Amino acid sequence: MKFLYDDESFSFEALRAAGYAAYGGADLGEVLVTCRQIPEGDEEAWSAQWAATAARIERIGRDALAAGHRVSAREALLRASNYYRTADFYRRENPAADAESARLAKASQQTFADAAPLLDTPARALRIPYQDTTLPGYLFLADDSGTPRPTVLFHGGYDSTLEEDYLALAAGALRRGYNVIAFDGPGQGSTLREQGLHFRPDWEAVVTPVVDFALTVPEVDAGRLVLIGMSLGGFLAARAAAFEHRLAACVLYDGVYDFHAVVAATAARAASTPGGMEALMAQNTMVRWVVRNGRWTFGVSDIDELVRVAEAYTMAGIADRITCPTLVLEAENDQFFKGQPQRLLDELTCPKELISFREDEGAGEHCHEGALSLFHQRTFDWLDTLLAG
């Protein structure tokens, strides 16, 4: 689905930013006036213009907060957090040494942290015990009654952040009476940037401590824990569910069978391009971002090493160990994992269902960006039916 840009990556990321308007994470006019100042493929302009919009909206939020306008402050700070995240998106050439990247990421975290207590039921910041450290998270409660409720454990994927998790899923879950524990695992958000933790394929080592923590929360119904993973998280959550069996259900948003196949295909494409990987990265925004982000989040130096470490990121020989009911989501035009949801579904032996989202209903992009309401309706209606049984 083309949105504002011919460049596939710019189009997708603009749609992603705009789509969060469904839950107060954007205003369409702000997205349009920002994007019209950004030329096709100009990553420097992208960062600068989104950062300027984010700062302007943050000022609105700070002024509203100082004046005691709680709702206005919350709304502006949520939008600013999303816009700061978007501003940082392409700054991946050397993010560990990029002071502006660090500033933008911190601003996205802080504006969300300041919005969290302003939610109708204030969110609680968490530090979830993990090995010899902790993982950052938020506990979002449907209300303040203290009643145990079905609870979603939610994490992102290749480039998601804890702050984005609220807009991507938690806000829709709360409206339907679900609590949510959202968290960043290794390779994601501040665990990568501040703690130096990189992705690991044995994601059950991440999810099991989160389940342990969730079971200590009084508002969590221990018999109705649901794990949901977004984007590459569709592999990570599937891998975790194969070994962590205290889950009532798992939702793969979207289904990922073999991440290595995607990385290897990118390397093969580069090998057939005159000038190799450097030439392909210069020509293609999406490839450039995928490779740069992968080097950082996996802690590797080049595409060959990324291909090698990605070999462990497959559900081959593991999918049949998942025992809980599993919902696999699929996007018709998925530019990263096309065909993989069905392949994963075919190897599942647990109770299972596939829901496909089509282009002609506005939901065919990767992770159904721009169609959050439809995604949430279908996913939570499935969960409502399952958990009521």
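Just so you know, these numbers come straight off a predicted model, no measurement behind them.

What am I meant to see in the packing of aromatic side chains here?
Within the structure shown, the criterion is met by 26 aromatic pairs. Aromatic pair Phe-199 and Trp-203: ring centres 6.3 Å apart, planes at 45°, arrangement tilted. Given the relative accessible area of 7%, Phe-199 is considered buried. The buried category is assigned to Trp-203, whose relative accessible area is 0%. Across the ring face of Phe-357, the terminal group of Arg-378 is positioned such that the distance to the ring centre comes to 4.9 Å.

Looking at this structure, I do not really get the pattern of salt bridges. What am I missing?
Any two side chains of opposite charge can pair if their charged atoms end up close together. Inspection of the entire model under this criterion finds 25 salt bridges. With its nearest N and O atoms 2.8 Å apart, the salt bridge here joins Glu-43 to Arg-288. Residue Glu-43 is found in helix α3 (residues 43-66), and its partner Arg-288 is found in helix α12 (residues 285-298); the two are separated by 245 residues along the sequence. Of the two residues examined, Glu-43 and Arg-288, each falls in the buried class. A salt bridge links Arg-358 to Glu-361; the nearest nitrogen and oxygen atoms lie 3.7 Å apart. Owing to a relative accessible area of 41%, Arg-358 belongs among the partly exposed residues under this scheme.

Honestly, helix α2 (residues 28-35) in this entry has me stumped. Any pointers?
Side chains three or four residues apart in an α-helix point the same way, a direct result of the helix having 3.6 residues per turn. Taken together, the buried positions of α2 are occupied by Glu-30, Val-31, Thr-34 and Cys-35. The arc that holds the buried residues of α2, viewed along the axis, is 120°, so those residues lie on one side.

Sorry, what's going on with a nonpolar patch on the surface here?
A cluster of nonpolar side chains, namely Leu-4, Leu-28 and Leu-32, defines an oily patch on the protein surface of about 250 Å² accessible area. With respect to the secondary-structure elements, Leu-4 resides in the segment before α1 (8-19). By relative accessible area, which is 40% here, Leu-4 ends up partly exposed.

Even after reading the chapter, I still don't get helix α10 (residues 259-271), so can you show me in this structure?
The end-to-end C-alpha distance of α10 is 19 Å, a good match for the 18 Å that 13 residues give at a rise of 1.5 Å each. Residues of α10 that are buried include every one of Phe-259, His-260, Val-262, Val-263, Thr-266 and Ala-270, and no others. The buried side chains of α10 occupy one side of the element, clustering within an arc of 165° when seen end-on. Its side-chain oxygen 3.0 Å from the backbone nitrogen of His-260, Asp-258 forms the N-cap of α10.

What exactly am I supposed to notice about the UniProt feature "domain: AB hydrolase-1" (unreviewed entry) in the protein here?
Taken from the UniProt record, the annotation "domain: AB hydrolase-1" (unreviewed entry) applies to residues 152-366. The annotated region residues 152-366 carries 42% helix and 17% strand content, and the separation between its end C-alpha atoms amounts to 21 Å.

Sorry, what's going on with the sheet that holds strand β4 (residues 179-183) here?
Sheet architecture is open: eight strands sit in the order β1-β2-β4-β3-β5-β6-β7-β8, paired in mixed fashion. The open sheet is flanked by β1 (124-130) and β8 (352-357), the only strands paired with a single partner. Averaged over all pairs of adjacent strands, the angle between their axes in this sheet comes to 25°, without regard to strand direction. Judged from the six bridges that link them, strand β3 (residues 149-155) and strand β5 (residues 220-230) form a sheet pairing that is parallel. Bridge pairing in β5 links Leu-153 to Leu-227. Relative to the sheet, helix α9 (residues 233-241) contacts β3, β5 and β6 (249-253), its axis offset from that of β5 by approximately 140°.

What am I meant to see in the side chain of Asp-184 here?
Tracing the sequence through the fold places Asp-184 in the loop between β4 and α7 (189-193). At a separation of 3.0 Å, a polar atom in the side chain of Asp-184 contacts the main-chain amide nitrogen of Leu-162.

Help me understand unusual backbone geometry in this model?
Peptide bonds are mostly trans, and most non-glycine residues show a negative phi. Of note, the amide linkage connecting Tyr-253 to Asp-254 takes the cis form, showing an omega dihedral of 0°. In this structure, Asp-254 sits in the loop between β6 and α10. For Gln-131, which is not glycine, the phi torsion reads 50° and is therefore positive. By secondary structure assignment, the location of Gln-131 is in the loop between β1 and β2 (133-140). On the basis of relative accessibility, which here comes to 60%, the residue Gln-131 falls in the exposed class. With a phi close to 60°, Cys-367 is a non-glycine residue in the positive phi region. For Cys-367, a relative accessible area of 2% puts it in the buried group.

Analysis parameters
- Residues numbered from 1 in each chain as written.
- Predicted model: local features only at pLDDT ≥ 70, side-chain atom pairs only at ≥ 80, totals over all residues.
- Heavy atoms only, no water.
- Phe/Tyr/Trp six-rings, centres within 6.5 Å; stacked < 30°, edge-to-face > 60°.
- Buried < 20%, exposed > 50% of the residue type's maximum accessible area, 1.4 Å probe, protein only.
- Lys NZ or Arg CZ within 6 Å of the ring centre and 35° of its normal.
- Salt bridge = Lys/Arg side-chain N within 4 Å of Asp/Glu carboxyl O.
- Helix = DSSP H or I, 4+ residues; strand = E, 2+ residues; numbered from the N terminus.
- Arc of directions from axis to C-beta.
- Patch = residues over 30% accessible without salt bridge, like charges linked within 9 Å, V, L, I, M, F, W, Y side chains within 5 Å.
- Areas by Shrake-Rupley, 256 points an atom, 1.4 Å probe, with all protein chains shown as cover.
- Expected span 1.5 Å × (residues − 1).
- Polar contact = N/O pair within 3.5 Å; in protein donor to acceptor, adjacent residues only side chain to side chain.
- UniProt positions renumbered as here; feature names shortened; annotations may be inferred.
- Pairing = 2+ DSSP bridges.
- Axes fitted to C-alpha atoms, helices over the stretch in contact; angles between N-to-C directions.
- Contact = heavy atoms within 4.5 Å.

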